[in-house]
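Examination of the molecular architecture
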Amino acid sequence: MERIYFDHAATTPVEPQVVTAMIPYFSQSFGNPSSIHWFGRENRKAIDEARTVVARELGAGEPSEIIFTGSGSESDNMALKGVASALRKKGNHIITSAIEHHAIFDTCKYLEKQGFEITYIPVSEAGLIDPLDVKNALTDKTILVSIMHANNEVGTIQPIAEIGRLLRERKILFHTDAVQSVGSIPVNVNELLVDMLSLSAHKFYGPKGVGVLYVRKGTLIDSFIHGGSQERNRRAGTENVAGIVGLAKALQLANGNLAANQVTITELRNYLIEEVLRRIDHVRLNGDRSKRLPGNINFSFEYIEGESLLLSLDLKGIAASSGSACTSGSLEPSHVLLGMGICHEIAHGSLRLTLGKSNTKTEIDYFLEVLPEIVNKLRGMSPLYDSAVRKECSGCTRTK
Ligand SMILES: *Cc1c(COP(=O)(O)O)cnc(C)c1O
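Notes on the structure in this doc start here. (Residues numbered from 1 in each chain as written. Predicted model: local features only at pLDDT ≥ 70, side-chain atom pairs only at ≥ 80, totals over all residues. Heavy atoms only, no water.)

**Quick notes on the sheet that holds strand β10 (residues 296-301)**
The strand order across the open sheet built from three strands is β9-β10-β12, with neighbouring strands paired in antiparallel fashion. Looking at the sheet topology across the chains shown, the edges are occupied by β9 (283-285) and β12 (350-354). On average, each strand axis in the sheet is inclined to that of its neighbour by 25°, with strand direction left out of account. As paired strands, β10 and β12 are joined by five bridges and run antiparallel to one another. (Pairing = 2+ DSSP bridges. Helix = DSSP H or I, 4+ residues; strand = E, 2+ residues; numbered from the N terminus. Axes fitted to C-alpha atoms, helices over the stretch in contact; angles between N-to-C directions.)

**Description of the layout of surface pockets**
The calculated volume of the largest pocket comes to roughly 400 Å³. Gly183, Ser184, Lys203, Tyr205 and Leu355 are the residues nearest the centre of the largest pocket, which is lined by 29 residues in total. Of all the secondary-structure elements, those providing two or more residues to the lining of the largest pocket are α9 (241-256) and α10 (258-279). A breakdown of the residues in the lining of the largest pocket according to their chemical character gives 12 nonpolar, 14 polar and three charged. Both domains that furnish three or more residues to the lining of the largest pocket are identified here as domain 1 (4-10 + 257-388) and domain 2 (16-256). (1 Å grid on protein atoms, 1.4 Å probe; cavity = no way out; pocket = protein on both sides within 12 Å on 5 of 7 lines; lining within 4 Å. Points joined across faces, edges and corners; volume = space filled by probe spheres on them. Nonpolar A, V, L, I, M, F, W, Y, C, P; charged D, E, K, R; others polar. Domains from an automatic or database assignment.)

**Things to note about the site of the ligand**
Close to the ligand lie 13 residues; Ser73, Asp177, Gln180, Ser200 and Lys203 are nearest. In the complex, 89% of the free accessible area of the ligand, which totals 380 Å², lies under the protein chains. For the shell around the ligand, the element with the highest residue contribution is helix α3 (residues 72-87), accounting for three residues. (Near = heavy atom within 4 Å. Areas by Shrake-Rupley, 256 points an atom, 1.4 Å probe, with all protein chains shown as cover.)

**A few points about the packing of helix α2 (residues 38-58) against α9**
In the contact formed by α2 and α9, the axes pass within 9 Å of each other and the chain directions differ by 30°. Between α2 and α9, the interaxial angle falls into the category roughly parallel. Where α2 crosses over α9, the two elements pack in a sense that is left-handed. Residue-level inspection shows Asn43, Ala46, Ile47, Ala50, Val53, Val54, Arg56 and Glu57 of α2 in contact with α9, the latter providing Val241, Ile244, Val245, Leu247, Ala248, Leu251, Gln252 and Asn255. Of the residues belonging to the contact of α2 with α9, the class tally is 11 nonpolar, three polar and two charged. (Parallel < 35°, antiparallel > 145°, perpendicular 65-115°, else oblique. Left-handed = near helix turned anticlockwise from the far one by under 90°. Contact = heavy atoms within 4.5 Å.)

As structure tokens, this is what we get:
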């Protein structure tokens, strides 16, 4: 059976060149980067070089602004908790959006319990934030704004630079979760006007378990892993040297092929979207049609459970996702789709397909061939589809 991977927003395979770059650091060059001797120095040098590469790729001013972490989730936690702790005396108000990844969303819930006030900026039906809403939410207690660059479920790309401009005028710290955008679209910390930025290697053909938090020079941030003096006392623990080397290599490769991949993946995405909308009734595209990541597709199929759709596709060898990987497995519909004003029933019928650079038109044609059969079969079993006799879902009025 064919195996087709349409789940690149969950993770990506490690690029062979990245594996090659990493291998020496597992056994041949195994020293502890903090050791004074030759074995250590060799590894320290590898980390320094990786840091320089990452800083350059992100347009950062200095390598010391790059902190290597254990994941995108850790970077997000560090940004929020680190600033909350450092600036607590200055204020207790943080602004974020209603559609953040759980690494931000759940950290905000935690900070609420610690006495912080969080404003969750709503999004439009297409999943976009209005910078004016951010401006209007600011108070003299606001210490931090965190808005994701691109959404992991519906792929919408937020107006980060516009928000950054209005925050910089007011000297308010700005963090963005760029885990989905790095390696897919251009990401430059000075063009985006952010003070902090999270990324994760496994989303751009690098290894799992290694990320970066970019922290602009002069930003006050407390560390929350204490111990050794690694990462300039900001994150204790012996560095994941192979992972760090792999992250830098993967970032360099991804950015090197960015423009070309953007064009080809966007074309495949548009083809898939148009054909599904043309061939199947009662299906809608979630998220903005154009302000979205090249590889992201998110549909809602009315009268179908996303989970059943996923299982049927899996039986045909097609790997996709319903909402985000973190939401699947729970029966709660995604807070992202609900935040966009989509009703529960429709949110339950959502299917996310995320394309990568190795996907082909042949794979998409195979998907287009099997999808109608699956949809018809599942709808045939749905009492809702029967009784509603194709009446549009009426529960979908926006509540905001
Ligand atoms: C995947 C993802 C994360 C988490 O990154 P991990 O390295 O898997 O912890 C955070 N934010 C977004 C938007 C993501 O897509």
